[in-house]
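Report on the structure
The primary structure of each chain is shown beneath.
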Amino acid sequence: MVMNDANAKVFAYHEQSKNLPNRYARAPNYLDWASQPDPFRRYWKAPTVSLSRPEPTDEPGFAQLHQSGQIAPASLSAAAIGQLLYDSMALSAWKVESNASRPLRCVPSAGGLHPTEAYLLCGAVERLTTQPALYHYSAFGHSLELRAEFDFALWQRLCGELPAEETLLVGLTSIQWRTAWKYGERAYRYCQLELGHAMGAVSYAAAVLGWCAQSVPIADADLAMLLGIAGQAGPDAELPGCLIALYPRREYESAVQPFDGDCLEDWQEHLRREPPSPVSTSYREWPLLDEIAEACRIQQPLARPVGVKATEEAHAPHAGVGARGLLRQRRSALKMDGQTAMPWHDFQHFCCRLAPDRLPLNVLGQPPALHLLFFVHRVDGLSPGFYILPRSKDGMALLRTSLRAMPDWHKPEGMTSRLPLFELSKGDAQTQARVLSCNQAIASSGAFAVCMLAEFEQRLDDYGPGEYRSLHWEAGLLGQAMYMEAQALGLCGTAIGAFLDDGVHRLLGIADRKLQALYHFSVGRPMEDQRVSSLAAYHHLNKPVA
Ligand SMILES: Cc1cc2nc3c(=O)[nH]c(=O)nc-3n(C[C@H](O)[C@H](O)[C@H](O)COP(=O)(O)O)c2cc1C
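Each residue is numbered by its place in its chain's sequence as written, counting from 1. Owing to the predicted nature of the model, reporting of local features is limited to residues with pLDDT of at least 70; listing and counting of side-chain atom pairs is limited to 80 or more, with chain, interface and lining totals taken over all residues. Side-chain calculation: all heavy atoms of the structure are included, whereas hydrogens and water are not.

A cis amide bond links Glu59 with the next residue in sequence, Pro60, at an omega value of -10 degrees. Comment: elements are numbered from the N terminus, with helices defined as DSSP H or I runs of at least four residues and strands as E runs of at least two. Along the chain, Pro60 falls in the loop between strand 1 (48–50) and helix 2 (78–86). A cis amide bond, omega 0 degrees, links Leu359 with the succeeding residue Pro360. With respect to the element layout, Pro360 can be found in the loop between helix 10 (344–352) and strand 11 (370–376). Even without glycine at this site, Arg127 takes up a positive phi of about 65 degrees. Residue position: Arg127 is located in the loop between strand 4 (116–122) and strand 5 (133–138). Burial classification: accessible surface area is computed with a 1.4 Å probe over protein chains only, and a residue below 20% of its type maximum counts as buried, one above 50% as exposed, and the rest as partly exposed. A relative accessible area of 76% places Arg127 in the exposed class. Of note in this structure, Asn439 is not a glycine but carries a positive phi near 65 degrees. By the element assignment, Asn439 lies in the loop between helix 12 (430–436) and strand 15 (448–455).

Here it is, written out as structure tokens:
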């Protein structure tokens, strides 16, 4: 058990970065366009390899990603790596609005600021590299920028017990300044949520290739060293995020062990010296963000008592919509129509897919800590009102004692599945959904909205302040799954990071820190915004050279 004191800074940051009805989290009063962050980091002078951009096809279907043995693992190749990154971390379009265009990606991002950077470590791969290497991924060029080369023996050590010939490692970092530029002190939360979205996107894209994804417990100092960012300093320095192992067969799951930092002894010699591009020409300091980043540093890989094993669904007769198209076309609804209802069967299916052992939620490999409060507005066969979906037995027990304002739990009438969904209270949930989402109509005009409630104090007591990040990753993963599942059902989602943190607690009668609202989400039928048009993701690469 980690002493409570170690978490004091986390609680203080969380309090300070809350949106309250009478004051929102501290942020700039205006957008300083002179210091607008560059959304693309580059290692300009590094040798660069362009990756392929295979257009999505109907195969495999999205449903197949969730079924065992449906997709034969692709062999490791430059083309497969190109597809993996094209379907997860790449640009997906450019949004054009009043003569300005901004890039969109397969992952969502608060304010479209995209703080997440990705790195790839691999062994020798034909048409990519003759020896093991570390690359920075450039989303702008859909290319890999070389950061280090090393020998196979070292690559084997980096892979631990995983088979070095068949393994890839993906590292994720955050340039917090990009988000702080607009969102100030709430930026740390958004960056962590977005790491969760990126973990989800990488897991889905790996599943399309028949590969499995599992996060590797690793100390921050080792991750920073491994990704070549340890020497970065100043406001645009990257913060280490997480490391994900990709491998072709489920049976290797138990081979994913905490990363052994000893193998990085001579790593520095292999790293190239090109500096990363700066993000802005000037910066504003946010001391609270530095403090929380320091407080949440993962000093040593977190030991977990029980992992969550991945499970798959029984074979479905229809493969469903093409998975790759879905991944590349993920989009946030700007407005929802306030009319379309989701069929009850679809709603149950949506909820089932959010179980902790399902793709992509199983990438964390740890017991779930997040539970879902639904604000149901329009689901055919389900009365409007508030519903709770505990995602574990322990969570259910905690929720039962904590939701003091809603103690009467009922199984919804006509529920056929064994889903642990409970009705808390019938009635209009639209007003609460909107008000608690900082008055955003997107939360009340869909079929339903969700608030993700985290087991908070106990988790932090058990695992220390680094757990604060992990809770946000789980929320981001849930958000990514909701985007995909909503689109697979012909609807659309929108992540909602701006909400009144304590309002939900008051609604439910939560009076302590045992549970904490971390993220909102809305699902419904999107309405097209006529003012917005889009350009192809890589139109800029196809331009003829003048
Ligand atoms: C952490 C996070 C918080 C967000 N918060 C909101 C929000 O409060 N309201 C909203 O309308 N959209 C929100 N979004 C959605 C972004 O606005 C959206 O992802 C961004 O504009 C890019 O568009 P896209 O998702 O269509 O690619 C959020 C997204 C993330 C990842």
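Now that the structure is up, let's keep going.
Here we come to the domain arrangement of the chain. The domain boundaries assigned to the chain delineate domain 1 (61–271 + 303–328) and domain 2 (332–524). The domain boundaries here were taken from an automatic or database domain assignment. Between the C-alpha centres of domain 1 and domain 2 the distance comes to 26 Å. The contact criterion used throughout is that any non-hydrogen atoms of two residues lie within 4.5 Å. Taken together, the contact pairs 44 residues of domain 1 with 39 residues of domain 2. When domain 1 packs against domain 2, close to 3500 Å² is buried across both sides, 56% of that on carbon and sulfur atoms. Salt bridges, as used here, are contacts in which a Lys or Arg side-chain nitrogen is within 4 Å of a carboxyl oxygen on Asp or Glu. Counting across the interface, domain 1 meets domain 2 through three salt bridges. We note a salt bridge from Asp220 to Arg469, for which the minimum N-O separation is 2.6 Å. Pairing of N or O atoms within 3.5 Å defines a polar contact, subject to two protein rules: one partner must be a possible hydrogen donor and the other a possible acceptor, and residues neighboring in sequence count only if both atoms are side-chain atoms. If you look at where domain 1 meets domain 2, you find 14 residue pairs in polar contact (both at pLDDT 80 or more). Elements with a contribution of two residues or more to the side of domain 1 that touches domain 2: helix 5 (187–208), strand 8 (212–215), strand 9 (239–247) and helix 9 (323–328). When residues of the side of domain 1 that touches domain 2 are assigned to their parent elements, the largest contribution, 14 residues, is made by helix 5. Take the accessible area each of two parts loses on contact, using a 1.4 Å probe, and add the two losses: that sum is the buried area.

This next bit is on the packing of helix 4 (residues 176–183) against helix 5. In this analysis, axes come from line fits to C-alpha atoms, helices being fitted only over the stretch in contact, and the angle between any two N-to-C directions falls in the range 0 to 180 degrees. Contact geometry for helix 4 and helix 5: axes closest at 9 Å, N-to-C directions at 130 degrees. Considered as vectors, helix 4 and helix 5 are oriented oblique to each other. Helix-helix and strand crossings are classified by hand; for helix 4 and helix 5 the assignment is right-handed. Counting all contacts with helix 4, which are made through Gln176, Thr179, Ala180 and Tyr183, the residues of helix 5 involved are Ala187, Tyr188, Tyr190 and Cys191. A per-class count over the contact of helix 4 with helix 5 returns six nonpolar, two polar and no charged. For classification, angles of less than 35 degrees are called roughly parallel, those exceeding 145 degrees roughly antiparallel, those between 65 and 115 degrees roughly perpendicular, and all remaining angles oblique. Definitions for this section: a left-handed crossing has its near helix turned counterclockwise from the far helix by less than a right angle. A right-handed crossing has that turn clockwise. Any residue outside Ala, Val, Leu, Ile, Met, Phe, Trp, Tyr, Cys, Pro, Asp, Glu, Lys and Arg is labelled polar, Gly included; the first ten of those are nonpolar and the last four are charged.

Quick look at the pairing of strand 13 (residues 385–389) now. Counting buried positions along strand 13 yields five of five residues, so the element is predominantly enclosed. Across five bridges, the pairing between strand 11 and strand 13 is antiparallel. Its bridge partner lying in strand 13, Phe375 is registered against Phe386. Here the rule is simple: two strands pair whenever DSSP picks up at least two bridges between them. As paired elements, strand 13 and strand 14 (residues 422–426) share four bridges and run antiparallel to each other. Residue pairing for strand 14: Ile388 is matched across the bridge by Phe422.

This part takes up the site of the ligand. Note on definitions. A residue lies near a molecule or strand when any single heavy atom of the residue is within 4 Å of it. Surveying the vicinity of the ligand reveals 18 residues, the closest of which are Arg330, Ser332, Gln440, Ala495 and Gly497. Taking Gly497, its main chain carries an N or O atom lying 2.8 Å from a nitrogen atom of the ligand. Here an oxygen atom of the ligand sits 3.3 Å away from a polar atom, N or O, in the main chain of Ala498. If you list the elements that add at least two residues to the shell around the ligand, you get strand 3 (100–105), helix 5 and strand 16 (492–496).

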